[in-house]
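# Summary of the model geometry
Okay, here's what each chain looks like letter by letter:
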Amino acid sequence: QAILQKNNLRNKVIHCPQEAYDSTLPLIKTVVAAAIIDRDRIAVGTEEGLYVIEVTRDVIVRAADCKKVYQIELAPKEKIVVLVCGRNRHVHLFPWASLDGSEGSFDIKLPESKGCQLIITGTLKKSPSSCLFVAVKRQIFCYEIQRTKPFHKKFNEILAPGIVQWMAVFKDKLCIGYQSGFCLLNIHGDGQPINLVNPNDTSLAFLSQQAMDALWCAVELGKDEYLLCFSQTGVYVDSQGRRSRLQELMWPATPVGCSCSSSYVTVYSEYGIDVFDVHTMEWVQTIGLRRIKPLNLEGSLNLLNSEPARLLYLKSVYSEGASLTVPETSDNSKKQMVRTRSKRRFVFKVPEEERLLQRREMLRDPELRSKMISNPTNFNHVAHMGPGDGMQVLMDLPLSVVPSSQEENTRERTRPPSTNLARQQQLRSRSYISWPSSGGGDSSRSISDADQDLEREPDSDSTKHSTPSNSSNPSGPPSPNSPHRNQLTLDGLDQSACDA
């Protein structure tokens with residue numbers, strides 16, 4: 001930050017750190033790996049197994065019965081969850097339904113994956129299905145993931161030049177990083193690997209002399225340029241492994257992790273996060289969060305080793321829409337995990353005492369009190385009333401069949417106003433309850449008369465009456481053009497009252 005201010009460098013916001021979930025959840029302090037399932041769910045791998053956090057419903061699901069989870073990769077197209085877990089770091093395949101808490105129909109362990117240090121999933125042009133790549137020291141096992149049994153098929157095995165420290169799929173090639181080098185491998189075994197650190201380029205000889213580790217990242221900038229990120233520096237090379245730019249990216253502190261995208265490289269250190277533009281080589285942002293580490297290869301989910309530990313989501317301001325719905329969190333929350341009827345599902349909710357206390361505080365504050373009233377739901381739109389219609393028509397909600405023939409309507413029109421009013425009040429009290437659209441005095445008198453008539457009605461006719469509802473069921477009010485609907489204007493009601 002001091003260097004940025006001294007040199008008047010612009011501090012451009014690329015990532016906005018947000019707390020992904022309440023820090024009082026006991027699972028967060030034991031999280032080792034994480035992945036975003038959808039907008040409302042996060043999969044977290046802990047020392048006790050795999051859990052799914054439904055951030056919008058405060059529901060915790062135990063997804064898989066396994067030991068410590070080191071890495072999580074998802075294949076949503078094939079409905080498969082891939083984990084590196086257990087004491088021996090085996091690769092396991094679980095069904096997608098296990099994320100909902102259902103008993104897994106299968107748990108497939110890849111026997112040759114013992115000691116796995118890294119897995120990735122990707123899609124190739126020549127294969128419609130997703131592929132899984134498992135790195136065990138220098139061996140890379142290539143699988144095709146299927147939706148039917150046996151759910152995986154091994155199609156190749158590749159030997160890397162060194163112990164694999166990083167992997168990614170670039171088009172139809174597999175880019176791997178190892179100590180002091182990166183290379184491109186042909187996934188199907190045809191052709192020779194391409195060394196991205198050309199040994200004939202003397203300007204890159206310092207990489208092999210100092211034995212630099214591959215820092216989790218290489219970025220394909222175009223058809224003929226790559227950015228290779230090592231533990232001490234980042235260098236630009238062409239497709240033949242020769243230096244393409246004289247300048248190098250120098251990290252402000254010793255990195256402990258790295259994540260990359262097509263535009264930015266995010267470097268983690270003990271002092272915070274530094275973001276670099278891979279095209280212009282500019283140092284564009286610094287986030288001063290100490291002791292933070294990424295939980296996935298994309299760097300979207302991170303663990304902040306503070307007290308208490310916090311699960312952070314780095315939202316990119318240039319991404320289209322938020323990939324995760326971030327809930328409101330509070331450091332003063334006293335939520336507790338409560339087991340439901342299912343042994344795999346828990347509810348993380350506030351105790352009753354704290355809920356009542358929060359309710360009292362909201363009642364004291366007018367702004368918070370207004371939030372306690374929810375918007376209307378489950379209602380049925382009957383008719384749209386214009387500015388002049390609301391004060392002229394009383395809309396009645398019929399609850400049983402009323403006379404609707406033309407003869408009955410003719411007789412109603414030919415009766416005197418006073419008789420007609422009495423007849424309408426009688427029908428209203430027996431067949432429906434008037435629901436006024438305005439607060440006029442005559443309409444309120446009609447409701448009170450109807451209530452008195454309902455009290456005098458015998459029990460045998462009680463099934464004819466019910467309270468009006470705004471639910472969207474088939475028994476709702478008819479449309480304004482229905483022949484079963486009687487309309488009573490305020491003008492007629494006033495004239496009848498005067499004649500009476």
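Scroll up for the structure.
Summarised in this report is the structure supplied together with it. (Residues numbered from 1 in each chain as written. Predicted model: local features only at pLDDT ≥ 70, side-chain atom pairs only at ≥ 80, totals over all residues. Heavy atoms only, no water.)

### Here we look at unusual backbone geometry
What counts, and what does not: The way it works is that DSSP assigns letters per residue, a run of H or I at least four long becomes a helix, a run of E at least two long becomes a strand, and they are numbered from the N terminus. Partly exposed residues are those whose accessible area sits between 20% and 50% of the maximum for their type, while under 20% is buried and over 50% is exposed, using a 1.4 Å probe and protein chains only.
Here the residue pair Lys149 and Pro150 is connected by a cis peptide bond, since its omega of 5° sits within 30 degrees of zero. Mapped onto the secondary structure, Pro150 falls in the loop between β12 (139-145) and β13 (152-159). Across the junction of Glu307 and Pro308, the peptide omega takes the value 0°, indicating a cis bond. Assignment of secondary structure puts Pro308 in the loop between β27 (301-304) and β28 (310-316). One non-glycine residue, Ser180, adopts positive backbone phi at about 70°. By the secondary structure assignment, Ser180 is in the loop between β15 (173-178) and β16 (181-186). The exposure class of Ser180 is buried, given its relative accessible area of 14%.

### What to know about the sheet that holds β13
Pairing between the strands of a sheet is mediated by backbone hydrogen bonds and can be parallel or antiparallel. For clarity, the cut-off: Here a strand pair is declared whenever DSSP counts at least two bridges between the two strands. Helix axes are fitted only over the stretch in contact, all axes being lines through C-alpha atoms; the angle between N-to-C directions runs from 0 to 180 degrees.
Spatially, the 4 strands line up as an open sheet ordered β10-β11-β12-β13, and their pairing is antiparallel. Lying at the two open borders of the sheet, with one neighbouring strand each, are β10 (118-123) and β13. Taken pair by pair, the neighbouring strands of this sheet meet at an average axis angle of 20°, ignoring direction. Two elements, β12 and β13, share 7 bridges in a ladder whose sense is antiparallel. What sits directly across from Phe141, in β13, is Glu157.

### Comments concerning the pairing of strand β29 (residues 336-339)
Summarising the sheet, β29 and strand β30 (residues 345-349) pair through 4 bridges and their orientation is antiparallel. The residue of β30 that forms the bridge with Met337 is Phe348.

### Looking at the pairing of strand β19 (residues 225-230)
Most of β19 sits inside the fold, with 6 of its 6 residues counted as buried. Because side chains alternate across β19, one face comprises the buried residues Glu225, Leu227 and Cys229, and the other comprises Tyr226, Leu228 and Phe230, equally buried. As paired strands, β19 and strand β20 (residues 233-237) are joined by 4 bridges and run antiparallel to one another. Each residue of the ladder has a partner; that of Tyr226, found in β20, is Val237. Taken together, β19 and the strand that follows it, β20, pair antiparallel across an intervening segment of 2 residues.

### Points about the side chain of Asp277
What counts is decided by this rule: Charge convention: Lys and Arg are scored as positive, Asp and Glu as negative, and His as well as the terminal groups of each chain are ignored. In what follows, salt bridge is the name for a side-chain nitrogen of Lys or Arg lying within 4 Å of a carboxyl oxygen of Asp or Glu. Two N or O atoms count as a polar contact when they lie within 3.5 Å, although within protein this holds only if one can serve as hydrogen donor and the other as acceptor, and sequence-adjacent residues are included solely when both atoms are side-chain atoms. The contact rule is simple, with two residues in contact once any of their heavy atoms fall within 4.5 Å.
By the element assignment, Asp277 lies in strand β24 (residues 272-277). Among buried Asp, Glu, Lys and Arg side chains, Asp277 stands out as unpaired, with Lys12 the closest opposite charge at 5.5 Å. At 2.9 Å, the side chain of Asp277 forms a polar contact with the backbone nitrogen of His279. Setting aside anything within four residues of it in sequence, one finds Asp277 in contact with Tyr236, Ser263, Tyr264, Glu282 and Val284.

### Some points on the nonpolar core
Definition in use: Put simply, a nonpolar core is a bunch of buried Ala, Val, Leu, Ile, Met, Phe, Trp, Tyr and Cys residues held in one set by side-chain atoms that sit within 4.5 Å of each other.
In this structure, Leu25, Ile42, Val44, Ile60 and Leu301 are the most contacted members of the largest nonpolar core, which totals 23 residues. Ranked by residue count, the leading element in this core is strand β2 (residues 31-38), at 3 residues. If we ignore the near neighbours within four places in the chain, the residues touching Ile60 are Tyr21, Leu25, Leu27, Tyr51, Val52, Ile53, Met337, Arg344, Arg345, Phe346 and Phe348. Judged by nonpolar contacts, the second largest core, of 20 residues, contains Val61, Ala63, Ala64 and Val69.

### What about a nonpolar patch on the surface?
Quick reminder of the rule: Patches here: salt-bridge-free residues with over 30% relative accessible area, like charges joined within 9 Å, nonpolar side chains (Val, Leu, Ile, Met, Phe, Trp, Tyr) joined within 5 Å. To measure how exposed things are, a 1.4 Å probe is used in the Shrake-Rupley method; for residues, cover is taken only from the protein chains shown.
Taken together, the side chains of Val13, Val317 and Tyr318 define a hydrophobic patch exposed on the protein surface, amounting to about 270 Å² of accessible area. Checked against the element boundaries, Tyr318 lands in the loop between β28 and β29. The partly exposed category is assigned to Tyr318, whose relative accessible area is 47%.

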